[in-house]
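Structure at a glance
Each chain is listed here by its residues.
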Amino acid sequence: MTLLVGNGLTHLFGDQVAVSDVDIEVGEGEVVGLLGANGSGKTTTIRIGLGLLRPARGLIELFGEPPSRRTRRRLGYVPQGLGLYEDLTVEENLAFSARAFGRDPNVALDPDLEPERDRLVRDLSLGVRRRVAFAAALAHDPDLLVLDEPTSGVGPLARARLWDTVRATAERGAGVLVTTHSMSEAEQCDRLVVLVDGRVAAAGSVAEIVAGRRAVEVASNRWQAAFEALDAAGLPVAVVGRLLRVPSASQDDVRTRLNSAGVEAQLRDVPASFEEAFVVLATSASHGTPQPAASPAL
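1. Regarding empty space enclosed by the protein
Scanning the entire structure with this criterion turns up one cavity of 30 Å³ or more. Within this model, the largest cavity holds a volume of roughly 40 Å³. If you trace the largest cavity, you find it lined by Leu 4, Ile 24, Thr 45, Ile 46, Gly 49, Leu 50, Val 146 and Leu 177. For the lining of the largest cavity, the class distribution of residues is six nonpolar, two polar and no charged.

Pasting the structure below:
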């Protein structure tokens, strides 16, 4: 069942286009990621999906109808600001959230949160606050969980725990829509919508987005000089150990640039990583270079 669907979503802030012609869809039991840099339109897209912003163009449906207060009762939402009351305790925050959705306010706490039951939210670490925000969003068993940069600013262990919660929520049948600019988090999503400057640069699974993309691997004793030559030529070069990788380039082009700088190197074609594919998509979209769709339109 499709829980959220948006077609051709466009929104403007004054004369500035925030998102343009964005398609998005979230079904039961799947984790869909909105991937993009800061300012790419992720939060605006989410706010349109929740009915908090009205699109200038396009259609949005939440549970098969236009977003409304009634449909939002089936949502769990963790905004970037977390949406917690800092002058209330953990227990009071969860009880308030449960009551707001017509549920029993006597919410059972996760064992890891139990010791924090009577502490004010303002006294908690950011990682614990995020766990409380997740608990509040899930207190009424929502059919769709919407998360805006849910792990921003937390350490690796806290991030892993939060993603365990995301996956468990999808496994029980709820849909999850999550924004991120982290490549490692994007790889945990079932499907992705990659946004660049408010437009969809690619959509599909990680495998579909990478889809046969290649990179040129460069090995040279003068790897620093090789990097400087390729970087000066405007190629998106990255250092991996003492090897260089240049995505979406031909060996002939790379060799020409290196020969011009008097740098000897061994080159070989290798499969591109997801991060390299994203860099190419972002660069191409910013320069107005059309990219083939990674999958059919959502």
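Right, picking up where we left off after that structure.
2. Side note on unusual backbone geometry
Despite not being glycine, Phe 63 shows a phi value in the positive range, around 55°. Relative to the assigned elements, Phe 63 resides in the loop between strand E4 (57-62) and helix H2 (69-72). On the basis of relative accessible area, Phe 63 is assigned to the buried category, the value being 8%. Although it is not a glycine, Asp 197 sits at a positive phi angle of roughly 55°. Within the secondary structure, Asp 197 sits in the loop between strand E8 (191-196) and strand E9 (199-204). Judged by relative accessible area, Asp 197 falls into the exposed class, the value being 52%.

3. Some points on the confidence of the model for the protein chain
With 95% of its residues at a pLDDT of at least 70, the protein chain reaches an overall mean of 86. Considering only residues more than four positions removed or in separate chains, one finds that residues 289-298, a stretch of pLDDT under 50, has 20 contacts.

4. Here we look at the environment of Ala 135
Here Ala 135 shows up in helix H4 (residues 126-138). Residues Ala 135 and Val 90, spaced 45 residues apart in sequence, show a C-alpha to C-alpha distance of 9.7 Å. Ignoring sequence-local partners within four residues, the contact set of Ala 135 consists of Leu 94 and Leu 113.

5. Here we look at the sheet that holds strand E13 (residues 266-271)
Judged by pairing direction, the sheet is antiparallel, and its four strands sit side by side in the order E11-E12-E10-E13 without closing on themselves. The outermost strands of the open sheet, each flanked by one partner alone, are strand E11 (238-240) and E13. For this sheet, the mean angle separating the axes of adjacent strands, direction not counted, is 30°. Relative to strand E12 (residues 243-247), strand E10 (residues 214-219) runs antiparallel, the two sharing five bridges. Bridged to Val 218 within E12 is Leu 244. Packing against the sheet, helix H8 (residues 223-232) makes contact with E10, E11 and E12, and its axis sits at approximately 20° to E12.

6. Describing the packing of aromatic side chains
Any aromatic ring pair is given by two values, namely how distant the centres are and how the planes are angled relative to each other. Inspection of the entire model under this criterion finds one aromatic pair. It is Arg 74 that lies over the ring of Phe 63; its NZ or CZ is 3.9 Å from the centre.

7. Remarks on the nonpolar core
Formed by 42 residues in total, the largest nonpolar core has its most connected members in Val 31, Leu 147, Val 194 and Phe 274. Of the residues forming this core, the biggest block, six residues, is contributed by H4. If we ignore the near neighbours within four places in the chain, the residues touching Val 31 are Trp 163, Val 166, Arg 167, Ala 170, Val 176, Val 178, Cys 189, Asp 190 and Arg 191. Within the second largest apolar cluster, 22 residues are counted, among which are Leu 4, Ile 24, Leu 50 and Ile 60.

8. Side note on the pattern of salt bridges
As enumerated under the stated definition, the model contains 13 salt bridges in all. One salt bridge connects Glu 65 with Arg 70, and the closest N-O pair in it is separated by 2.5 Å. By relative accessible area, which is 55% here, Arg 70 ends up exposed. Between Asp 190 and Arg 167 there is a salt bridge; the shortest N-O distance is 3.5 Å. Placement of the pair is Asp 190 in the loop between helix H6 (183-186) and E8 and Arg 167 in helix H5 (residues 156-171), with a sequence separation of 23 residues. Given the relative accessible area of 33%, Asp 190 is considered partly exposed. A cluster of three or more residues bridged by salt bridges with shared partners is formed by Glu 91, Glu 114 and Arg 117.

The rules behind these values
- Residues numbered from 1 in each chain as written.
- Predicted model: local features only at pLDDT ≥ 70, side-chain atom pairs only at ≥ 80, totals over all residues.
- Heavy atoms only, no water.
- 1 Å grid on protein atoms, 1.4 Å probe; cavity = no way out; pocket = protein on both sides within 12 Å on 5 of 7 lines; lining within 4 Å.
- Points joined across faces, edges and corners; volume = space filled by probe spheres on them.
- Nonpolar A, V, L, I, M, F, W, Y, C, P; charged D, E, K, R; others polar.
- Helix = DSSP H or I, 4+ residues; strand = E, 2+ residues; numbered from the N terminus.
- Buried < 20%, exposed > 50% of the residue type's maximum accessible area, 1.4 Å probe, protein only.
- pLDDT = per-residue confidence, 0-100.
- Contact = heavy atoms within 4.5 Å.
- Pairing = 2+ DSSP bridges.
- Axes fitted to C-alpha atoms, helices over the stretch in contact; angles between N-to-C directions.
- Phe/Tyr/Trp six-rings, centres within 6.5 Å; stacked < 30°, edge-to-face > 60°.
- Lys NZ or Arg CZ within 6 Å of the ring centre and 35° of its normal.
- Core = buried A, V, L, I, M, F, W, Y, C linked by side-chain atoms within 4.5 Å.
- Salt bridge = Lys/Arg side-chain N within 4 Å of Asp/Glu carboxyl O.

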